[in-house]
Amino acid sequence: MEIFFMYGKRFSILLVISIFLSSCKFSCNVDKTGKQDNNTVSGPSVVNGVLISNGIDITASGVKIKSATLKLDGGAKVPDDNVVNLNQKITLVIELDNNWTVEGGKSFIGASEKITTSKGYEVLNAADLFKDNTMTGFDPNDTKYIQLDAVITKGDPSVSYYKVEFRVWDKKGDAEVKGSYKFYIQAE
C-alpha cells in the first residue's frame, strides 16, 4: 500500500491499493456488447445536486459531495459499463463541496476499503488506510479531493464482478462518506 500526494492546481490524496489474488490468470465472460452478465451500470446522473457516474452508490453526512466518478490511469473516465482490463487501475474520485473538521490547521480523516468477488470471497479489507497520518493530519485543501484506487492483477475466471465498499470519515467529527460500486474485468 502506498500513499502519494499529487500537487498541482488542485491538491488531492491518491491512495493506491493493489490487489493480488493467488488464482490463475483472470478472465470473465462478457457478451458482445461488453456488458457483464447483462448487468448495466448507469451513466452520469445528478442525485440531490451530486454528479454521480458509473453506478456508484454513495451517501454522506456532515459533508457535502460535489461529485463521484471512476477514472482510469491517466484521467479518462471508466466506461459506463464499468468493464476494465486486467492490471488496469480504477480510481474512485470523490470531490467535496465543503470540508471535514479542521483542528490546528489540519483535517484528520480515515478511509477504509473492502473488496469482495461476486462469489463473496474477500479480496481486501483495509480498516484505516490513513492510520499513519492519525497524529499529523492533512492539509484541509487536500482532503476535499479523495481518490481510492484498486488494481486487479490476477484472478479467478469464475468471478463475474468485484464489489468495492468504501468509507471515508472525520476522526475529529461525525462526518462520513460511504458507498459502493461494482466493476468487471474484460474477457481476454
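Since the structure is predicted, the reported quantities are computational estimates derived from the model, not experimental observations.

### So, the overall build of the protein chain
Step number 1: Helix and strand content of the protein chain: 0 helices and 15 strands.
Step number 2: Intrachain contacts of the protein chain at a sequence separation of at least 6 include 68% that bridge at least 24 residues.
Step number 3: Of the roughly 9400 Å² of accessible surface on the protein chain, a fraction of 48% belongs to carbon and sulfur atoms.

### Let's talk about the nonpolar core
Step number 1: By size, the foremost hydrophobic cluster in this structure holds 40 residues, and its most contacted members are Ile56, Ile58, Ile94, Phe166, Val177, Tyr181 and Phe183.
Step number 2: Those elements giving two or more residues to this core turn out to be β4 (50-52), β6 (65-72), β8 (90-96), β11 (109-117), β12 (122-126), β13 (145-152), β14 (162-170) and β15 (176-185).

### Some details on the pattern of salt bridges
Step number 1: Overall, the coordinates contain 10 salt bridges when judged by the stated rule.
Step number 2: One salt bridge connects aspartate 80 with lysine 77, and the closest N-O pair in it is separated by 2.6 Å.
Step number 3: Residue lysine 77 is classed as partly exposed on the basis of its relative accessible area of 33%.
Step number 4: The shortest N-O distance in the salt bridge between lysine 178 and glutamate 176 comes to 3.8 Å.

### Considerations on the environment of serine 107
Step number 1: Assignment of secondary structure puts serine 107 in strand β10 (residues 106-107).
Step number 2: Its relative accessible area of 0% is what places serine 107 among the buried residues.
Step number 3: In sequence terms serine 107 and lysine 171 are 64 residues apart; their C-alpha atoms lie 8.3 Å from each other.
Step number 4: If near-sequence neighbours (up to four positions away) are discounted, serine 107 is found in contact with Asn99, Trp100, Thr101, Val102, Gly137, Phe138, Pro140 and Thr143.
Step number 5: At 3.5 Å, the side chain of serine 107 forms a polar contact with the backbone oxygen of threonine 101.

### Considering the packing of aromatic side chains
Step number 1: The full count for this structure, using the stated rule, is 5 aromatic pairs.
Step number 2: Consider the rings of phenylalanine 130 and phenylalanine 138, whose centres lie 5.3 Å apart with planes at 70 degrees: the pair is edge-to-face. Phenylalanine 138 shares its class with phenylalanine 130; the two are buried.
Step number 3: For the pair tyrosine 181 and phenylalanine 183, a centre-to-centre distance of 6.4 Å together with 40 degrees between the ring planes defines the contact as tilted. Across the pair, exposure class does not vary: tyrosine 181 and phenylalanine 183 are buried alike.
Step number 4: A connected cluster of aromatic rings, assembled from ring pairs, spans Tyr162, Phe166, Tyr181 and Phe183.
Step number 5: Directly above the ring of phenylalanine 108 sits lysine 172, whose terminal nitrogen or CZ lies 4.9 Å from the centroid.
Step number 6: Directly above the ring of tyrosine 161 sits lysine 182, whose terminal nitrogen or CZ lies 4.2 Å from the centroid.

Procedures and definitions
Residues numbered from 1 in each chain as written. Predicted model: local features only at pLDDT ≥ 70, side-chain atom pairs only at ≥ 80, totals over all residues. Heavy atoms only, no water. Helix = DSSP H or I, 4+ residues; strand = E, 2+ residues; numbered from the N terminus. Contact = heavy atoms within 4.5 Å. Areas by Shrake-Rupley, 256 points an atom, 1.4 Å probe, with all protein chains shown as cover. Core = buried A, V, L, I, M, F, W, Y, C linked by side-chain atoms within 4.5 Å. Buried < 20%, exposed > 50% of the residue type's maximum accessible area, 1.4 Å probe, protein only. Salt bridge = Lys/Arg side-chain N within 4 Å of Asp/Glu carboxyl O. Polar contact = N/O pair within 3.5 Å; in protein donor to acceptor, adjacent residues only side chain to side chain. Phe/Tyr/Trp six-rings, centres within 6.5 Å; stacked < 30°, edge-to-face > 60°. Lys NZ or Arg CZ within 6 Å of the ring centre and 35° of its normal.

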